[in-house]
Amino acid sequence: MLEENCNTIAKPFVKWAGGKSSLIKQLIEHLPQNFGEQHNVTYIEPFVGGGAMLFYMLTHYSNIKRAIINDVNDDLINCYLFIKNNPKRLIVLLRSIKEEYNNLDTLDNKTQYYYRIRERYNNGEFETLERTAYFIFLNKTCFNGLYRVNTRGKFNVPFGKYMHPNICDEELIMADHKVLQKVDIYVGSYENVIKHLAKGYNFIYIDPPYRPLSGSACFIEYTHTTFDDKEQEKLKIFCDKLTNKGCKILQSNSNSIDDDGLPYFEKLYDSYTINRILAHRFINAYAGKREKETELLIMNY
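So, how was this worked out
- What you see as residue numbers is a count from 1 along each chain, following the sequence as written.
- Under the rules for a predicted model, residues below a pLDDT of 70 receive no local features and side-chain atom pairs below 80 are neither given nor counted, while totals for whole chains, interfaces and linings still include all residues.
- Neither water nor hydrogens contribute to the side-chain values; these are computed over all heavy atoms in the structure.
- With axes taken as lines fitted to C-alpha atoms, and helix axes fitted only over the stretch in contact, angles between N-to-C directions fall between 0 and 180 degrees.
- We count a stretch as a helix when DSSP gives it H or I for four or more residues in a row; a strand needs E for two or more, and each element gets its number in order from the N terminus.
- Here is the rule for angles: anything less than 35 degrees is roughly parallel, anything more than 145 is roughly antiparallel, 65 through 115 is roughly perpendicular, and the remaining ranges are oblique.
- The contact criterion used is simple: two residues touch if any of their non-hydrogen atoms lie within 4.5 Å.
- When residues are grouped by polarity, Ala, Val, Leu, Ile, Met, Phe, Trp, Tyr, Cys and Pro land in nonpolar, Asp, Glu, Lys and Arg in charged, and all others, Gly among them, in polar.
- Working rule for handedness: look at the near helix, and if it is turned counterclockwise from the far one by less than a right angle, call the crossing left-handed; if clockwise, right-handed.
- Exposure categories follow from relative accessible area, calculated using a 1.4 Å probe and restricted to protein chains: below 20% of the type maximum is buried, above 50% is exposed, and the middle band is partly exposed.
- One requirement defines pairing of two strands: DSSP has to find at least two bridges between them.

Peer 1: Before we go on, may I ask you to explain the packing of helix α3 (residues 74-85) against helix α4 (residues 87-102) in this structure?
Peer 2: Any two packed helices are characterised by the angle at which their axes cross and by the distance between the axes. With their axes 5 Å apart at the nearest point, α3 and α4 run at an angle of 115° to one another. Between α3 and α4, the angle falls in the class roughly perpendicular. Contacts from F82, I83, K84 and N85 of α3 reach α4 at P87, R89 and L90. Across the contact of α3 with α4, the residue classes tally to four nonpolar, one polar and two charged.

What follows is the structure, given as structure tokens:
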């Protein structure tokens, strides 16, 4: 039997590069001053990722009556859909995968299992439910929970060498299932969310792929399509459209400089409010290099 009456607080069910769990307090401090006094709020995330901000907002602000999330990653969105609509089916399969993995007695055998599953995942051998479960498995067992694909769109993160990862967190999945009931879930371009704006108060948290700290650095790729400067400029135009429709926007991005050594986003968003916060970087393999860096919060209020 699955325990549905648990005290587990909803939070991300996957690890995600650039996740905002450690920055929640700073993000909340930069919400519009009267946010808690608004009625019938629609909360929107066009780049939902792991959903740290989403789950926090849904569990702490009862004035959010509806939420809209979107991501370009089909497999990630299928996770949200299964957890919202069919969590028990997903849990049963994750239990089986967890048992199979834990029964492997050596790290060598677990390594072979990981790469065998990764190859089958990349070759499209799984149906949707299985693919969703194995997406979660790969996330829990790959290096640092990183999601990265190559130019052919193939997941290429190496094994993380975990002996006992938490592949199936049943209580968390059921807690997430409960709060996702008020969430409309979409896959595709972030621009699609403009079609789903409510007539009342729309608050939009935008967490796109970050621009590199300098213009010559390599871009982090979450999909096989690079989110380059043209995409950043296109996103700014989208933010202007949302602003003209009366939406409140909070965007996170890097404290990046352009090729001339000038602040990239301060020029791009010159009519917006920009504040700086300190954030830890957790992707680096060496803990000693996971230093604090300055990030930007870009607001239209």
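That covers the picture; the talk isn't over yet.
Peer 1: What is the right way to look at the environment of F82 in this model?
Peer 2: Summarising the element assignment, F82 is placed in helix α3. When the C-alpha positions of F82 and I173 are compared, they lie 9.8 Å apart, and in sequence the two are 91 residues distant. Not counting the four nearest positions on each side in its chain, F82 is found in contact with P87, R89, L90, T128, L129 and T132.

Peer 1: What exactly am I supposed to notice about the environment of D259 here?
Peer 2: You can see D259 is positioned in the loop between β5 (248-254) and α9 (264-268). A C-alpha to C-alpha distance of 7.0 Å links D259 and S214, two positions 45 residues apart in sequence.

Peer 1: How do you make sense of the packing of α4 against helix α6 (residues 128-141) when you look at a structure like this?
Peer 2: Close contact between α4 and α6 brings their axes to 10 Å; oriented N to C, the two are set at 50°. If you check the angle between α4 and α6, you find them oblique. Of the two possible hands of crossing, α4 and α6 adopt the one that is right-handed. The segment α4 lies against α6, with R89, L90, L93, L94, I97, E100 and Y101 engaging L129, E130, T132, A133, Y134, I136, F137 and T141. Looking at side-chain class alone, the contact of α4 with α6 contains 10 nonpolar, two polar and three charged residues.

Peer 1: Sorry, what's going on with the pairing of β5 here?
Peer 2: A regular strand places its side chains so that they alternate between the two faces of the sheet. Of all seven residues making up β5, six are buried, and the element is well covered by its neighbours. Pairing of strand β4 (residues 201-206) with β5, which is carried by four bridges, proceeds in the parallel orientation. The residue bridging I204 from the neighbouring strand is I249, located in β5. With five bridges connecting them, β5 and strand β7 (residues 292-299) associate as antiparallel partners. Each residue of the ladder has a partner; that of Q251, found in β7, is I298.

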